Amino acid sequence: MKTIFLYTYCLVLAVVAFCFQACSDDKVEGAEYSLSRDGQEVTEFSFGYSEMYRLVTLSANTDWSLTSNQPWCIVSNVSGGATEGQTIRVTVEQNTTEAARTAQVTFNAGGNVRQYAVTQTAKGADTYPVGMEEDAMDWVKQVYAGINLGNTLEATGGETAWGAPLTTQAIINYIKEMGFTAIRIPCSWNQYLEADGVTVQASWMARVQEVVDYCMNADLHVMLNIHWDNGWMEDHCDASVDTEETIAGIESKVYNIWTQIATAFRDYDGRLAFAGANEPKVSNREDFYVLKRYEQAFVNAVRATGGNNTWRNLIVQGPSTNIDYTDLWMELPEDVTPGRLMVEVHHYPYNFTLNDDPETCTYFWGEPYAQYGPVDEGYQEDWTDAQFAKMKTRFVDRGIPVILGEYAVTYRTHPDPELQSVCEESEGYYTGYVTRQAKNNGMAPFLWDTAGSRLYDRNSLQIILPTVYDQLMEGAAAGQYPF
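Only a predicted model underlies this, so the values are computations on that prediction, with no experimental measurement involved.

Draft legend 1. Representation of the sheet that holds strand 5 (residues 64–68). Taken together, five strands build an open sheet; the order of strands is 3-10-9-5-7 and the sheet is mixed. At either end of the open sheet lies a strand with only one pairing partner, and these are strand 3 (44–47) and strand 7 (79–80).

Draft legend 2. Looking closely at the confidence of the model for the protein chain. Averaged over every residue, the pLDDT of the protein chain is 94; the share at 70 or more is 95%. Across residues 1–24 the pLDDT falls below 50, and counting only partners more than four positions away or on other chains, this stretch makes zero contacts in the model.

Draft legend 3. Representation of the packing of aromatic side chains. Enumeration according to the criterion identifies 21 aromatic pairs in this entry. On the basis of an interplanar angle of 35 degrees and a centroid distance of 6.0 Å, the ring pair of Phe364 and Tyr372 is categorised as tilted. On the basis of relative accessible area, Phe364 is assigned to the buried category, the value being 2%. Residue class for Tyr372 comes out partly exposed when judged on its relative accessible area of 34%. Ring geometry for Trp365 against Tyr430: centres 5.0 Å apart, planes inclined by 80 degrees, an arrangement best described as edge-to-face. Of the two residues, Trp365 sits in the loop between helix 8 (350–353) and helix 9 (381–394) while Tyr430 sits in helix 10 (residues 420–440), which places them 65 residues apart along the sequence.

Draft legend 4. How the structure looks around the nonpolar core. Grouped together as the largest cluster of nonpolar side chains are 101 residues, with contacts concentrated most on Ile183, Trp189, Leu224, Ile261, Phe265 and Phe274. In terms of residue count, the dominant contributor to this core is helix 6 (residues 285–304) (nine residues). Leaving out residues up to four positions away in the same chain, Leu224 has contacts with Ile185, Cys187, Trp189, Val208, Trp258, Ile261, Phe265, Leu272, Ala273, Phe274 and Ala275. Counting 24 residues, the second-largest nonpolar core is a separate cluster that includes Leu35, Cys73, Val105 and Phe107.

Draft legend 5. Structural view of the sheet that holds strand 18 (residues 443–447). One closed barrel holds the eight strands; their spatial order is 11-12-13-14-15-16-17-18, and the pairing between them is parallel. Going from strand to strand, the sheet's axes swing by 30 degrees on average, the running direction of each strand aside. Strand direction decides the pairing type here: strand 15 (residues 314–317) and strand 16 (residues 341–347), joined by four bridges, are parallel. Of the residues in strand 16, the one forming a bridge with Gln317 is Glu344.

Draft legend 6. Highlighting the pairing of strand 12 (residues 182–185). Burial along strand 12 is two-sided: Ala182 and Arg184 and Ile183 and Ile185, pointing in opposite directions, are all buried. Relative to strand 12, strand 11 (residues 146–148) runs parallel, the two being bridged by three bridges. Paired with Ile147 across the bridge in strand 12 is Ile183. Each parallel crossover has a hand, and the one from strand 11 via helix 3 (residues 169–177) to strand 12 is right-handed. As judged from the four bridges shared by strand 12 and strand 13 (residues 221–225), these two strands associate in the parallel manner. When the sheet's bridge partners are listed, Arg184 is paired in strand 13 with Met223. For the segment spanning strand 12, helix 4 (residues 202–217) and strand 13, crossover handedness is right-handed.

Draft legend 7. View of helix 3. Of the residues making up helix 3, those classed as buried are Ile171, Ile172, Tyr174 and Ile175. Down the axis of helix 3, the buried side of the element spans an arc of 155 degrees, and every buried residue falls inside it. At its buried positions, helix 3 is contacted by strand 11, strand 12, helix 4, strand 19 (456–457) and strand 20 (462–463). Where helix 3 terminates, the next one or two residues include Gly179, which has phi positive at roughly 115 degrees.

Draft legend 8. Representation of the side chain of Thr62 in the model. Among the secondary structure elements, Thr62 is positioned in the loop between strand 4 (52–60) and strand 5. Excluding its chain neighbours within four sequence positions, the residues that come into contact with Thr62 are Val28, Ala31, Gly81, Ala82, Ala109 and Gly110.

Draft legend 9. Expanded view of the packing of helix 5 (residues 244–264) against helix 6. It is at 8 Å that the axes of helix 5 and helix 6 come closest, and there the two elements cross at 30 degrees. With respect to helix 6, the element helix 5 is oriented roughly parallel. Read as a crossing pair, helix 5 and helix 6 show a hand that is right-handed. Facing Glu244, Ile247, Ala248, Ile250, Glu251, Val254, Tyr255, Trp258, Thr259 and Ala262 of helix 5, the residues of helix 6 in contact are Val290, Arg293, Tyr294, Ala297, Phe298, Asn300, Ala301, Val302 and Ala304. Here the contact of helix 5 with helix 6 is built from residues that sort into 14 nonpolar, two polar and three charged.

What counts as what
- Residues numbered from 1 in each chain as written.
- Predicted model: local features only at pLDDT ≥ 70, side-chain atom pairs only at ≥ 80, totals over all residues.
- Heavy atoms only, no water.
- Pairing = 2+ DSSP bridges.
- Helix = DSSP H or I, 4+ residues; strand = E, 2+ residues; numbered from the N terminus.
- pLDDT = per-residue confidence, 0-100.
- Contact = heavy atoms within 4.5 Å.
- Phe/Tyr/Trp six-rings, centres within 6.5 Å; stacked < 30°, edge-to-face > 60°.
- Buried < 20%, exposed > 50% of the residue type's maximum accessible area, 1.4 Å probe, protein only.
- Core = buried A, V, L, I, M, F, W, Y, C linked by side-chain atoms within 4.5 Å.
- Axes fitted to C-alpha atoms, helices over the stretch in contact; angles between N-to-C directions.
- Right-handed = clockwise from strand over helix to strand, strands pointing away.
- Arc of directions from axis to C-beta.
- Parallel < 35°, antiparallel > 145°, perpendicular 65-115°, else oblique.
- Left-handed = near helix turned anticlockwise from the far one by under 90°.
- Nonpolar A, V, L, I, M, F, W, Y, C, P; charged D, E, K, R; others polar.

Pasting the structure below:
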């Protein structure tokens, strides 16, 4: 027995020695390889608790491979040939555990090996300044129902140019009294630049701050954005038309304007969130990568101003804020702060909500109202449910909440006076249904509303369409966020 044991032991040693020699013989001599970021070699990765990523540059003068020993840590490319600089994405999924965790990424270049520790904190490991404790999920939970201050601060020609009265504290207070807990402020900036084309006029910045202060006084959560703003950014996402010079110039302008906005609002607490755009015109993946450059400039500018903006919640828009496009192509920009990014989409089934042609529009929506006239087949409750479920699966289930930044219906006068009240009931049904289902799928609902709408009157501060209002609030009460 002892002889057999010694023989086996010696055989194992021989095999190990042979394998070691074979591996040594296969190792490429003179291999040069590295991961770097901003010109500095990377030695480790650290992440916050949310889904996050880092882009690094891989260089190697020989064949290489990357592996991760944990399924929650993912590398975008696993192998390749010699390269002077390939972009690699190292991604961590949301950490839903109560403890920090560690993974290891192994970089093998021709048999030469380097290993990188990847650490991720658990939620609650960081401390935040007073007033900045809410991350994106917590911020959304405060949106019982949201509404837009539409056609006002974004109006071309001035705040009252599109029929809105000057916004007052009384108007904002009434919005709060109606039951809304959050307000989206569409805002124009480009038309208020000084002659240098870069500096926001001090008087305009002061006016925007005044309106935001009205909302803070009413204890509302606020989204402040750059709206369409004559299309200087949103109309320049066409990768096939816009030149690199044009794109780089807009990227710089985004950074400059958001630096000024963020600096002005740096000390505001976390009830204020910033949104980078409105409805950027993107209809394919190549165009989205142009938009992503603008969105990255937005995030970088805000974070660089420091103070409370280090932790401020930021909202980035899906391509054309179209749910299908967003589901297909959306990628979040890189952010140094965990858990503070949200995605924005809008929802407008056209023939019922936007089409104002009495010959082709539909006056009714929803299964209970199909008996009264034609409905737009294929764009009813089932379609809405499926659209919102896409956002839940694509983002919310990964810890990224979604803002339904706009939804509404064109309030219509039915050709048959006897059906007018039913028409209004259907408008209310739609509004309440969307509100409820948005919340059920983790999407914070913000009703699109303008001074010319018939929901409430900004001058008299009276609800005009109680049927719509009542059903909207019923939907808000029935909807429950899944987090």
